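Remarks on the overall topology
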Amino acid sequence: MNQTNLTPDSLKYGQDGLIPAVIVDFYSKQVLMLAYMNQESLKITMEEGTTCFYSRSRSCLWRKGETSGNRQHVISIRTDCDLDTLLIEVIKDGPACHTGAESCFFNTVLEPDASCEFSYEGLYAMLADRKKNPKEGSYTTYLYQKGLDKILKKVGEECTEVIIGAKAEDRDETIYEIADLLYHLMVLMVETGISLDDVRGELAKRHVIDHKVKQERMQ
């Protein structure tokens, strides 16, 4: 991590010596959790490259993932204009919440309306919820009830439809079929326990490899 002239000593801590830290997923920008740090835990975080917090309930330092393995690898640390809150982007090894949820923020107080912007994270969460809480008359529920073979069959069918649309050079049809394919692929991901982060991680590894190859060719 590149460091600026700001140091842990530059920040404004509360009377209890703590500063709130908002943890955000580097890839999806989803807010994962809110925790607290003191100067010592922040310095450890910067030195080790993984998050370390201060537990207010236990009055001690705790490294995220020390027991669960769900570590958070720090990409960047920013502070707000008042220097009294941290925003930390991480690449996580597993769920951020102790409940097993990807984010600690999963309880709804106010439902978004239907006009809210689409996201893959939102779709994945909906599909996961439909598997956990089946809904009568739902096509997604039907797929989960039929099982893996049915889901795989639909993925195969949608692949074929994408090929047919693209071969016909029908742009609108191809877009429609790609959307169908992506939906069924995400149903398959939920069914097989594959998360969006799993796929992002694989693509990120390929991106790093591709970048290294390009650099070597330029030398």
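Residues numbered from 1 in each chain as written. Predicted model: local features only at pLDDT ≥ 70, side-chain atom pairs only at ≥ 80, totals over all residues. Heavy atoms only, no water.

**Quick word on the environment of E191**
Tracing the sequence through the fold places E191 in helix α5 (residues 171-192). Along the sequence, E191 and L127 sit 64 residues apart, while their C-alpha atoms lie 9.4 Å from each other. Reaching out from E191, the side chain makes a polar contact with the side chain of K131 at a distance of 3.0 Å. (Helix = DSSP H or I, 4+ residues; strand = E, 2+ residues; numbered from the N terminus. Polar contact = N/O pair within 3.5 Å; in protein donor to acceptor, adjacent residues only side chain to side chain.)

**Observations regarding the state of the cysteines**
Across all of its chains, the model carries zero disulfides by this definition. Between C52, a free cysteine, and C60, which holds the nearest cysteine sulfur, the sulfur-to-sulfur gap is 9.5 Å. Cysteine C104 remains unbridged, with the sulfur of C97 as its closest cysteine sulfur at 3.9 Å. (Disulfide = S-S within 2.5 Å.)

**Thoughts on unusual backbone geometry**
We note that S59 has phi near 55°; this positive angle belongs to a residue other than glycine. Owing to a relative accessible area of 49%, S59 belongs among the partly exposed residues under this scheme. The phi dihedral of L83 falls on the positive side, at around 60°, and the residue is not glycine. Inspection of the secondary structure puts L83 in the loop between β5 (72-79) and β6 (86-92). We classify L83 as partly exposed; its relative accessible area is 22%. (Buried < 20%, exposed > 50% of the residue type's maximum accessible area, 1.4 Å probe, protein only.)

**Here we look at the side chain of Q72**
Summarising the element assignment, Q72 is placed in strand β5. Residue classification places Q72 among the buried residues on the basis of a relative accessible area of 1%. Engagement of the side chain of Q72 in a polar contact is seen with the side chain of T51, the distance being 2.9 Å. If we ignore the near neighbours within four places in the chain, the residues touching Q72 are I23, M33, G49, T50, T51, F53, K64, V90, I91, K92 and A96. (Contact = heavy atoms within 4.5 Å.)

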